[in-house]
Structure formats: C-alpha cells, structure tokens
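Tertiary structure, described
Each chain, written out:
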Amino acid sequence: MLEILYFANFREVLGQSQETLPSDNFKTVGCVLNALAERGEQWKMALAENNNLQIAVNHDVADRATALKAGDEIAFFPPVTGG
Amino acid sequence: MSEFPFVKVQKEDFDLTTEINALRKGHKDIGAVVSFVGTVRDINEGDDISVLKLEHYPGMTEKALETIRLQAHERWSLQSSMIIHRIGEMMPCDQIVLVAVSSRHREAAFEAAHFIMDYLKTNAPFWKKETFPNGETRWVDARISDKEAEARWHQPLNKEKPA
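One structure accompanies this document, and this report is about it. This one's a predicted model, so the numbers in the text were calculated from it and none came from an experiment.

A separate point is the overall build of chain B. If you tally the helices and strands in chain B, you get four helices and ten strands. Along chain B, from the amino end to the carboxyl end, the secondary structure elements read β-α-β-β-β-β-α-β-β-β-α-β-β-α. Here the C-alpha radius of gyration of chain B, 16 Å, is about what a compact globule of 163 residues would show, namely 15 Å. Judged by the C-alpha coordinates and their principal axes, chain B covers about 50 × 35 × 25 Å. Counting every position in chain B, which comprises 163 residues, the buried fraction comes to 34%. Pairs at least 24 apart in sequence give 75% of the contacts found in chain B among residues at least 6 apart.

Here it is, written out as structure tokens:
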C-alpha cells in the first residue's frame, strides 16, 4: 500500500488529509498523480496540472519521476511558508 | 529527548535567555552568539491579522530543519546551533521561530544564522494561515523574495558575502 498525505490548502480543497492506495498500480509519483486527476477537475487543478505542486516521498523532496515501492509515504503540498 | 535534540517543533512559546544559555552550556570557546527571533505581524499584504495558524508536516519538518542546521555546520565553523519553530495558533506579537548559532568569531555566527533562516523559509514544510478580524481566513502565499534570498547562498563557498 501507499500512504498519501495532503497538507494546507490541498487538504482543504480536496477534503481529506490522507488515504491509502494499492502500491501495485503505481511505479512513480507521476502515475499516482495521473490516477488522482481522473477524480475530477478539482483534483486535476490542485495536483496534476499545478506547477506549484510540491512532492515528498518518505520525508524527502521528490518529483513526478520518483520511483515508488510498497509502504512509501507520499505527500502533496503547496510551496512552504514557515519562518 | 527528540531524535534531533537541536531542533524543536512545538506549540509552546520559548524564552530566549533560557535557550541561549542552553546553546552556550559546556562551550568555553564561544566568542559570538547570534540569534534571530521571528514574530507575528498584525498586518500582512495590507490586511489586519488577528490570528496566525501554523500547520506542519510532522516528521519531515524535523528532518528538514536538521538537514539545514547540518548544512550550516558544514559551511561555517560553528560551536553550536539550534532551531525552534512553533506550530498551532499564534497572535500578533507572538514569537514564531528562533534560530541561534554560536561560533568562535562573529562572522560565522552572523552568516550561519542568516543562512539557516533563508533555507528554513523555503525548505521546511510549514504553512501559514491568517485569520482576519471578520473571521475570514487566507493561506499565505510563498514569496519569490524568499526564494531569491535562498538562492544567494547557492554560489560556491568563498569569502564573498551574498549581495
């Protein structure tokens, strides 16, 4: 399984903070994004077609090409604004 | 004791003197301590702010802050350093973040504190949400100027200071 996390305004727009997806179907982060985009316009705009999308896999910065394996934690979030 | 003892992500406020004393404890070779405290403004983008809420990504945040801290230690000769970042709801004038660095001589401490703050702004997974006096809310947008501030440090290590 893959653990998917959404933060900040993504969590609000998408209406959830986390979910699990079967890991077999997804070789890369990009595959996950493509599948999520099929859920509708909101998902497509927030994730797949969002140039500001930030991605982390297992707490490290990642991108669409990052390879996935079972048990990975994938996080999607907007540009950070701490400090 | 957390996994990274020199990085704290906490709801509670902090006391600068207490933290600086801890930073200096056990070091007799410190000649300079530089600290930066970030605080909540009551106005942002021309709008009155009544509450600022800080969200973070537990686990990744601590790791990102520790990575930045260690990068500073690689780049400058430092005796000790620490980062405290608050989460949850804060009011105008509250303290949000502390970066404190000690070194033998002042230049390393000044530069390292600046470096850590610039990288924290653009790399640590925190998000700010503002509440206005009428109860409406707004997520704070990332600033291009923060990215530019970080980019000034990308040049290879040399004697020149960033512009």
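Counting residues at the interface gives 21 residues for chain B, matched by 13 residues for chain A. At the level of elements, α2 (60-75), α3 (106-123) and β9 (126-131) of chain B are the ones that each hand at least two residues to the side of chain B that touches chain A. Take the side of chain B that touches chain A: its biggest share by element is five residues, from α3(B).

Our focus in this paragraph is the sheet that holds strand β3 (residues 54-57) of chain A. All names here are of chain A. One open sheet accounts for five strands, arranged β2-β1-β5-β3-β4; its pairing is mixed. Of all the strands in the sheet, the pair left with one neighbour each is β2 (18-21) and β4 (60-62). Taking the axes of each pair of neighbouring strands and ignoring which way they run, one obtains an average angle of 30° across the sheet. Note: strand β1 (residues 2-6) against strand β5 (residues 73-77), four bridges, orientation parallel. Directly across from I4, in β5, lies its bridge partner I74.

Here the focus is the sheet that holds strand β10 (residues 137-139) of chain B. Residue and element names in this part refer to chain B. As summarised here, the arrangement of the four strands in space is β7-β5-β9-β10, forming an open sheet in which the pairing is antiparallel. Each having just a single partner strand, β7 (88-90) and β10 make up the two edges of the open sheet. Sheet twist, expressed as the mean angle between neighbouring strand axes with direction ignored, is 25°. Looking at chain direction, strand β5 (residues 51-56) and β7 are connected through three bridges and run antiparallel. Bridge assignment links L52 to a residue of β7, and that residue is M90.

Attention now moves to helix α2 (residues 29-37) of chain A. Residues and elements named next belong to chain A. Looking at α2, one finds that the buried residues are V29, V32, L33 and L36. End-on, the buried residues of α2 take up no more than an arc of 100°, which puts them together on one face. Where α2 is buried, its residues contact β2, α3 (41-48), β3, β4 and β5.

Definitions and limits used
Residues numbered from 1 in each chain as written. Chains lettered and ligands numbered in written order. Predicted model: local features only at pLDDT ≥ 70, side-chain atom pairs only at ≥ 80, totals over all residues. Helix = DSSP H or I, 4+ residues; strand = E, 2+ residues; numbered from the N terminus. Rg over C-alpha atoms; globule rule 2.2 N^0.38 Å. Buried ≥ 20, exposed ≤ 12 C-beta atoms within 10 Å, placed from the backbone. Contact = placed C-beta atoms within 7 Å. Pairing = 2+ DSSP bridges. Axes fitted to C-alpha atoms, helices over the stretch in contact; angles between N-to-C directions. Arc of directions from axis to C-beta.

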